[in-house]
Amino acid sequence: MNEPIPVTRTVDHGTAKLMPDLDRPRAWLLTVDGAPQSYVDLDDPGHLEFEYARRLAHVLDATGEPGAPLDALHLGGGALTLPRYLAATRPGSRQQVIEADGGLLELVAEQLPLPPDGAGITVRRADARAALEAAPDASADVIVADVFGGSRVPAHLTSVAYARAAARVLRPGGAYAANLADSAPFTFLRSQVATFRSVFVEVCLIAEPAVLRGRRFGNAVLVASQSELPVGALARRTAADAFPARVEYGAALERFTGDAAPVRDEDAVPSPEPPGGAFSVG
């Protein structure tokens, strides 16, 4: 009997734990200090357990020509859930993954290896903003930011200067998508919308209605582009999810943002600490 067993290891930024999903033979949940970081099914990379990951995947699906390969830059690696998804759904894509935690990278490479050919995925240890600022102009079709220090988005990934770096790296028609988290009164989330609206022509926000109404702390996906966003397609896809989400755009997003101001580097703060038990597992 080769029943998988949990793996626990101290990594650079905490204690990582890989827990097998007993309902799916080669699926694993990755947590760091008890906070869920990734879920990956090695046999079915198209299976996305986390709702926020599905919303990010909807952005990937709606970027560029349907099914065509993409050049993607992933800020934050985790268990490489979305890079594996993109490799499976858009073969031939070229993807670079940036992850600051070298110990976590070693654990994932050892326990959840990529296919022998790498599937077009290159993984590198580096700070997300430093890697973004070093990336060539117009080198990515899509940038996915899913970076959390513990359960908080680091402050240096929230400013106008950071948003400008993302805009520079994207090609015409490209999209930036970030996983964020907040709750009412949405001081952080509103500031992020204001920040990216100061740089990008188009911005939308995807989240569950209960989160947007301030009933609970939760994830929200911010999407930005210098070209028209596929808001209709994103709205249809997210509404059809097991936990339906809403796309805030245009006048509704302007009302949500209110008088929030763009964030300067010198004023940047991390996203708020989740309330006890909001994201913890086990």
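Residues numbered from 1 in each chain as written. Predicted model: local features only at pLDDT ≥ 70, side-chain atom pairs only at ≥ 80, totals over all residues. Heavy atoms only, no water.

**A few points about the overall build of the protein chain**
Link 1 in the chain: Along its length, the protein chain carries nine helices and 12 strands.
Link 2 in the chain: The C-alpha radius of gyration computed for the protein chain amounts to 18 Å, which stays within 12% of the reference 19 Å derived for 282 residues, consistent with globular compactness.
Link 3 in the chain: Within the span of the protein chain, comprising 282 residues, buried residues form 52% of the whole.
Link 4 in the chain: Sequence separation of 24 or more characterises 70% of the internal contacts of the protein chain that already satisfy a separation of 6 or more.
Link 5 in the chain: For the protein chain, the computed accessible surface area is about 12400 Å², with 52% contributed by carbon and sulfur atoms.
Link 6 in the chain: Each charge class in the protein chain was averaged separately, 26 positive and 35 negative side chains, and the resulting centres sit 4 Å apart. (Helix = DSSP H or I, 4+ residues; strand = E, 2+ residues; numbered from the N terminus. Rg over C-alpha atoms; globule rule 2.2 N^0.38 Å. Buried < 20%, exposed > 50% of the residue type's maximum accessible area, 1.4 Å probe, protein only. Contact = heavy atoms within 4.5 Å. Areas by Shrake-Rupley, 256 points an atom, 1.4 Å probe, with all protein chains shown as cover. Lys, Arg positive; Asp, Glu negative; His and termini not counted. Charge placed at Lys NZ, Arg CZ, Asp CG, Glu CD.)

**Here's the deal with the sheet that holds strand β4 (residues 35-41)**
Link 1 in the chain: In spatial order, the strands read β1-β2-β3-β4; together these four strands make up an open sheet with antiparallel pairing. Each edge of the sheet is formed by a strand with only one pairing partner; in this case those strands are β1 (7-11) and β4. With direction set aside, neighbouring strand axes in the sheet form an average angle of 20 degrees.
Link 2 in the chain: By the bridge criterion, five bridges tie strand β2 (residues 14-20) to strand β3 (residues 27-32) in an arrangement that is antiparallel. Paired with lysine 17 across the bridge in β3 is threonine 31. (Pairing = 2+ DSSP bridges. Axes fitted to C-alpha atoms, helices over the stretch in contact; angles between N-to-C directions.)

**Structural notes on the pairing of strand β5 (residues 71-75)**
Within a regular beta strand, the side chains point alternately toward one face of the sheet and then the other, so they alternate between its two faces.
Link 1 in the chain: In terms of residue burial, β5 counts as a mostly covered element, since five of its five residues are buried.
Link 2 in the chain: Pairing of β5 with strand β6 (residues 94-99) involves five bridges; the strand directions are parallel. Note that in β6 the partner of alanine 72 across the bridge is glutamine 95.
Link 3 in the chain: With helix α2 (residues 81-89) bridging β5 and the parallel β6, this β-α-β connection has right-handed handedness.
Link 4 in the chain: Summarising the sheet, β5 and strand β8 (residues 140-145) pair through four bridges and their orientation is parallel. Paired with alanine 72 across the bridge in β8 is valine 142. (Right-handed = clockwise from strand over helix to strand, strands pointing away.)

**Looking at helix α5 (residues 160-169)**
Link 1 in the chain: Of all 10 residues that make up α5, seven are buried, and the element is covered over most of its length.
Link 2 in the chain: Packed against the buried residues of α5 are β5, α4 (128-134), β8, β9 (170-182) and α6 (187-197).

**Details of the pairing of β9**
Link 1 in the chain: Counting buried positions over the 13 residues of β9 gives 10, a clear majority of the element.
Link 2 in the chain: Inspection of the sheet shows β8 paired to β9 by five bridges, in the parallel sense. Within β9, the residue paired with valine 144 across the bridge is alanine 177.
Link 3 in the chain: Note that β9 and strand β11 (residues 218-225) share seven bridges and pair antiparallel.

**Some details on the nonpolar core**
Soluble, globular proteins show a tendency: their nonpolar side chains are buried together.
Link 1 in the chain: In terms of nonpolar packing, the biggest core is built from 45 residues, with Leu75, Ile143, Tyr176 and Phe200 touching the most fellow members.
Link 2 in the chain: The leading source of residues in this core is α5, at seven residues.
Link 3 in the chain: Residues Leu29, Leu86, Val221 and Leu234 belong to the second largest nonpolar core, which totals 30 residues. (Core = buried A, V, L, I, M, F, W, Y, C linked by side-chain atoms within 4.5 Å.)

**Some remarks on the packing of helix α1 (residues 51-62) against α2**
Link 1 in the chain: Running from N to C, α1 and α2 cross one another at 35 degrees; their axes reach a closest spacing of 11 Å. For the pair α1 and α2, the crossing hand works out as right-handed. Only Leu82, Tyr85 and Leu86 of α2 make contact with α1, whose side of the interface consists of Ala53, Leu56, Ala57, Leu60 and Asp61.
Link 2 in the chain: Here the contact of α1 with α2 is built from residues that sort into seven nonpolar, no polar and one charged. (Left-handed = near helix turned anticlockwise from the far one by under 90°. Nonpolar A, V, L, I, M, F, W, Y, C, P; charged D, E, K, R; others polar.)

**Description of helix α3 (residues 102-111)**
Link 1 in the chain: Among all positions of α3, only Gly102, Gly103, Leu104, Leu105, Leu107 and Val108 are buried.
Link 2 in the chain: Elements that come into contact with the buried residues of α3 comprise β1, β2, β3, α2, β6 and β7 (121-125).
Link 3 in the chain: With a side-chain oxygen lying 3.1 Å from the backbone nitrogen of glycine 103, the N-terminal cap of α3 falls on aspartate 101. (Polar contact = N/O pair within 3.5 Å; in protein donor to acceptor, adjacent residues only side chain to side chain.)

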